[in-house]
Amino acid sequence: MKFFIDTANLDQIREAQDLGVLDGVTTNPSLMAKEGIKGKNNILKHYVDICNIVDGDVSAEVIATDFEGMVKEGEELAELHPQIVVKVPMIKEGIKAIKYFTDHGIRTNCTLVFSAGQALLAAKAGATYVSPFIGRLDDISTDGLELIADIRLIYDNYGFETKILAASIRHTMHVINCAKIGADVMTGPLSSIEGLLKHPLTDSGLKQFLEDYKKGN
Ligand code: G3P
């Protein structure tokens, strides 16, 4: 399972990279705004800065919602850096754009996916990644993990190569359950990755080991 971090915060990206288990980064316009990154040039530069920190794929989202606009923006984003994956919303024009990008060798991440049917369409269009938002489904009393399981079944039935990128991950149990179901990638906050480290028996066990070592030395 690949671990992506879902943020545009360079310090958190560096911290996750330093841990040695980071495989990529996802961003979206809300995350860029949260970091105060505004204006086209600043946004494009920020994507390059992120690519220079991590080794893996970096999702950069288009803002246009029409086919021509998405293609223009996506081509510009893809040219920025070889690690860029163009993030395209799950709308009719978006599916057309994903098909265009697929045919032109540009990798895509189909975002804002909330149903198995949408994931099937994204795979048919050749999306590199599909991003089901499990936290947002949980927020409205719908089981986000069930969606991951449905997409896994459908993709395996037909051998679709589109990677399931479980997004809108909120906590460690999302990560663990997505791994059990077989999501290819998870993207979440740094806390969802670092939270996997925690266990009180590890802490008390280590404390005891160190105390016993001191007694004998
Ligand atoms: O990758 C999608 C993600 O950014 C959405 O997360 O927490 O805003 O639902 P959230």
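This one's a predicted model, so the numbers in the text were calculated from it and none came from an experiment.

The side chains of a regular strand alternate between both faces of the sheet. Sheet topology places strand β6 (residues 129–132) next to strand β7 (residues 163–166); two bridges connect them, and they run parallel. Within β7, the position partnered with valine 130 by the bridge is isoleucine 164. Pairing of β7 with strand β8 (residues 185–188) involves two bridges; the strand directions are parallel. Looking at the pairing, leucine 165 lines up with valine 185 of β8. Assessed by its sense of winding, the connection that carries the chain from β7 through helix α9 (residues 172–181) to β8 is right-handed.

Turning next to the pattern of salt bridges. Counted according to the given criterion, the structure contains twelve salt bridges. A salt bridge links lysine 99 to aspartate 103; the nearest nitrogen and oxygen atoms lie 2.8 Å apart. Of the two residues, lysine 99 and aspartate 103 both sit in helix α5 (residues 92–103), four residues apart, roughly one turn of that helix. What you see here is one network of salt bridges that share partners, running through Arg152, Asp156 and Asp184.

Right, let's get into the site of the ligand. All residues in the neighbourhood of the ligand are listed as Asp6, Asn28, Phe133, Arg136, Ala167, Ser168, Arg170 and Thr187. Arginine 170 places a polar side-chain atom, nitrogen or oxygen, 2.9 Å from an oxygen atom of the ligand. Coverage of the ligand by the protein amounts to 82% of the 310 Å² it exposes when considered alone. Looking at the shell around the ligand, its residues break down into two nonpolar, three polar and three charged.

With phi around 60°, serine 141 is a residue other than glycine that occupies positive phi space. Among the secondary structure elements, serine 141 is positioned in the loop between α7 (134–139) and α8 (144–158). The phi angle at serine 168 is positive, at roughly 55°, despite the residue not being glycine. Position of serine 168 among the secondary structure elements: in the loop between β7 and α9. According to the relative accessible area criterion, serine 168 is buried, its value standing at 9%.

Here we come to a negative patch on the surface. Taken together, the side chains of Asp138, Asp143, Glu146 and Asp150 define an acidic patch exposed on the protein surface. Along the chain, the position of aspartate 138 falls in helix α7. Relative accessible area serves as the criterion here: at 32%, aspartate 138 is assigned to the partly exposed category.

Basis of the calculations
- Residues numbered from 1 in each chain as written.
- Predicted model: local features only at pLDDT ≥ 70, side-chain atom pairs only at ≥ 80, totals over all residues.
- Heavy atoms only, no water.
- Pairing = 2+ DSSP bridges.
- Helix = DSSP H or I, 4+ residues; strand = E, 2+ residues; numbered from the N terminus.
- Right-handed = clockwise from strand over helix to strand, strands pointing away.
- Salt bridge = Lys/Arg side-chain N within 4 Å of Asp/Glu carboxyl O.
- Near = heavy atom within 4 Å.
- Polar contact = N/O pair within 3.5 Å; in protein donor to acceptor, adjacent residues only side chain to side chain.
- Areas by Shrake-Rupley, 256 points an atom, 1.4 Å probe, with all protein chains shown as cover.
- Nonpolar A, V, L, I, M, F, W, Y, C, P; charged D, E, K, R; others polar.
- Buried < 20%, exposed > 50% of the residue type's maximum accessible area, 1.4 Å probe, protein only.
- Patch = residues over 30% accessible without salt bridge, like charges linked within 9 Å, V, L, I, M, F, W, Y side chains within 5 Å.
- Lys, Arg positive; Asp, Glu negative; His and termini not counted.
- Charge placed at Lys NZ, Arg CZ, Asp CG, Glu CD.

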